[in-house]
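# A structural walkthrough
Okay, here's what each chain looks like letter by letter:
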Amino acid sequence: MSLFTSTRARKFLGGMALVSAGAIVLTGCGGGTGTDDSADPSTPTDREDLTLSIGTVLPQTGQLAYLGPPEEAGVGLAAAEINAAGLGITVDVQYGDSGDADNKAFETTVPRLLDSGVSALIGAASSGVTKLFLDQAISAGVITFSPANTSPDFTDWDDNDLYWRTAPSDLLQGEVLATEIGLDGHANLGIIYLNDAYGSGLEASLTENFEAGGGTVVASEAYNANDTSFDAQVSSILAQSPDAVAVIGFEETSTIIPAFMSNGFDGSKFYLVDGNTQQWGADMPGSIEGSKGTQPGPVLADDFQQRLIDQWQEQAGEELVDFNYGAESYDAVVLLALASLAANSTDAADIAGFLQEVSGGSGDGEKCESFEACAQIILDGGTADYDGYSGAITFDDNGDPTEATIGVFQYGADNTHTRIN
């Protein structure tokens, strides 16, 4: 039995790629810790209503703009449902654009939000963008909570326990993607990747796991964010006759893939990642029917997906097409509100002191699956363990989720994808 075959048995359970991060994610001194004894929550009789102010640094423009709607919808939906519950905390959201490392919209958004007195920033989607403002937020004593950062670099970031994420590290996605490529019978892989924190981290994980499974990465070529021509990288990769090509990048994928196909490469042999596994439709020249991609996150419950759709229609007057990281964004807001409630405080350090606890990281909480149920446990004097739409979460000491699901998607004739695992 090949390693790829044995990994299938371990990875795929109940139609989902379920991965425990506990044995894979590196540990370190950065990130969240357990309950902070200095944050002394009052008893229910001593409580006053809290107003938690958060700001979003999510992509309204730039190469990841397609992720903005589901992420902002997730934030808006969580805030609306928390506020409707009337359980002692109100969430006030200020929305802002992260842009990307090229247009640098975050350079305007982040100072504005910090000056307004927010307790937490939700974002960014891009690991590379978060790296550019994270130290600024830490210096201001504000939590940065990303629903989509996957770079392994954040695990050991010197963050004063103020950085958290509901998205799993790329160490996990790289393993699942490598497994899928091997199980599809490909032995020789070419990789083209964006030369930033996200792209290089995922390329390293994919390479390590694919070769550990018996495959060979025959060529791996980087490109820069502002590149518009990829002919040199395409030629170099195709010269090594790969069976399949992994494309690790963002919106520029709609230029990269046609460049391969115009040189005779089969459109069904591409493997994408969370940054570019989107509903391409007519935006992708040529057919990629049969190609696959991976995205963190479990199968979304139908009612939750419809609530996201309704929320975005109300919030922006638009149809929601992609759902990437909508659940992770929703859960980030719920966890912040629950930690604030547990701390009986909207101070960022106090909230951070309870984030691991309300996620189940302390190991002694009562399971609950909604803000309302978890909040009631806290108000009754108990310890809540929130399991959300993105999974069980369960933060480790670094603010990383220790349980994650990586979905596998396949493209059809219309260049849109459906989940297959």
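The shown structure was predicted, so the numbers you read here are calculated from the model rather than taken from an experiment.

Detailed reading of the predicted coordinates is not advisable wherever pLDDT falls low. When the pLDDT values of the protein chain are averaged, the result is 90; 89% of them are 70 or greater. When the criterion is pLDDT under 50, residues 1-44 qualifies, and its contacts beyond four places in sequence or with other chains add up to 117 contacts.

Relative to the helices and strands, Ser98 is located in the loop between strand S4 (89-94) and helix H3 (106-115). Contacts of Ser98, omitting those with residues within four sequence positions, involve Val57, Leu58, Pro59, Asn103, Lys104, Ala105, Phe106, Ala124 and Val129.

Burial within strand S15 (residues 403-411) is extensive, with 7 of its 9 residues counted as buried. Inspection of the sheet shows strand S12 (residues 292-296) paired to S15 by 5 bridges, in the antiparallel sense. Considered in S15, the bridge of Gly293 is made with Phe409. Sheet topology note: the S15/strand S16 (residues 417-419) ladder contains 3 bridges and is antiparallel. Note on S16: the bridge partner recorded for Gln410 is Thr418. Two successive antiparallel strands, S15 and S16, enclose a turn made up of 5 residues, where Asn415 displays a positive phi of approximately 60°.

Counted according to the given criterion, the structure contains 8 salt bridges. Here Lys292 ties to Glu180 by a salt bridge, and the two come within 2.9 Å at their closest N and O atoms. Here Glu180 lies in helix H5 (residues 170-183) and Lys292 lies in strand S12, a separation of 112 residues in the sequence. Across the pair, exposure class does not vary: Lys292 and Glu180 are buried alike. With a closest N to O distance of 3.0 Å, Asp184 and Lys292 form a salt bridge. A residue pair is termed long-range when its members are at least 10 positions apart, and Asp184 in the loop between H5 and strand S8 (188-194) and Lys292 in strand S12 qualify at 108 residues. On the accessibility criterion, Asp184 (30% relative accessible area) is partly exposed.

So, on to the packing of helix H2 (residues 68-85) against helix H9 (residues 302-316). Between H2 and H9, whose axes approach to 9 Å, the crossing angle comes to 95°. On the basis of the axis angle, H2 is roughly perpendicular to H9. Contact residues: Pro69, Glu72, Ala73, Gly74, Gly76, Leu77, Ala80 and Glu81 in H2; Phe304, Arg307, Leu308, Gln311, Trp312 and Gln315 in H9. Its residues assigned to classes, the contact of H2 with H9 shows 7 nonpolar, 4 polar and 3 charged.

Before going further, it helps to examine the environment of Ser262. Summarising the element assignment, Ser262 is placed in the loop between helix H8 (253-261) and strand S11 (270-272). Taking the relative accessible area as the measure of exposure, Ser262 reaches 61% and is therefore exposed. Distance from Ser262 to Gly286, taken between C-alpha atoms, is 9.4 Å for residues 24 residues apart in sequence. Within the structure, the side chain of Ser262 is placed 3.0 Å from the backbone oxygen of Ala259, a separation counted as a polar contact.

On to the environment of Glu366. Here Glu366 is to be found in strand S13 (residues 366-368). Residue Glu366 is classed as partly exposed on the basis of its relative accessible area, which comes to 49%. Considering only alpha carbons, one finds Glu366 and Asp385, 19 residues apart in sequence, at a separation of 5.3 Å. Beyond its immediate sequence surroundings of up to four residues, Glu366 is in contact with Ile377, Thr383, Ala384 and Asp385.

Let's shift gears to H5. Because an α-helix packs 3.6 residues into every turn, residues spaced three or four apart end up facing the same way. For H5, with 14 residues, the first-to-last C-alpha span of 20 Å sits near the 20 Å given by 1.5 Å per residue. With 13 of 14 residues buried, H5 is to be regarded as a mostly interior element. Looking at the residues trailing H5, positive phi occurs at Gly185, about 90°.

As a further point, take the nonpolar core. Counting residues in hydrophobic clusters, the biggest one holds 56 residues, and the most contacted among them are Ile54, Ile143, Phe145 and Leu336. In terms of residue count, the dominant contributor to this core is helix H10 (residues 326-343) (13 residues). Setting aside residues up to four positions removed in sequence, Leu336 forms contacts with Leu52, Ile54, Ala120, Ile122, Ile143, Phe145, Ile351 and Leu355. In this structure, Tyr198, Phe250, Phe260 and Val273 belong to the second largest nonpolar core, which totals 44 residues.

What counts, and at which threshold
Residues numbered from 1 in each chain as written. Predicted model: local features only at pLDDT ≥ 70, side-chain atom pairs only at ≥ 80, totals over all residues. Heavy atoms only, no water. pLDDT = per-residue confidence, 0-100. Contact = heavy atoms within 4.5 Å. Helix = DSSP H or I, 4+ residues; strand = E, 2+ residues; numbered from the N terminus. Buried < 20%, exposed > 50% of the residue type's maximum accessible area, 1.4 Å probe, protein only. Pairing = 2+ DSSP bridges. Salt bridge = Lys/Arg side-chain N within 4 Å of Asp/Glu carboxyl O. Axes fitted to C-alpha atoms, helices over the stretch in contact; angles between N-to-C directions. Parallel < 35°, antiparallel > 145°, perpendicular 65-115°, else oblique. Nonpolar A, V, L, I, M, F, W, Y, C, P; charged D, E, K, R; others polar. Polar contact = N/O pair within 3.5 Å; in protein donor to acceptor, adjacent residues only side chain to side chain. Expected span 1.5 Å × (residues − 1). Core = buried A, V, L, I, M, F, W, Y, C linked by side-chain atoms within 4.5 Å.

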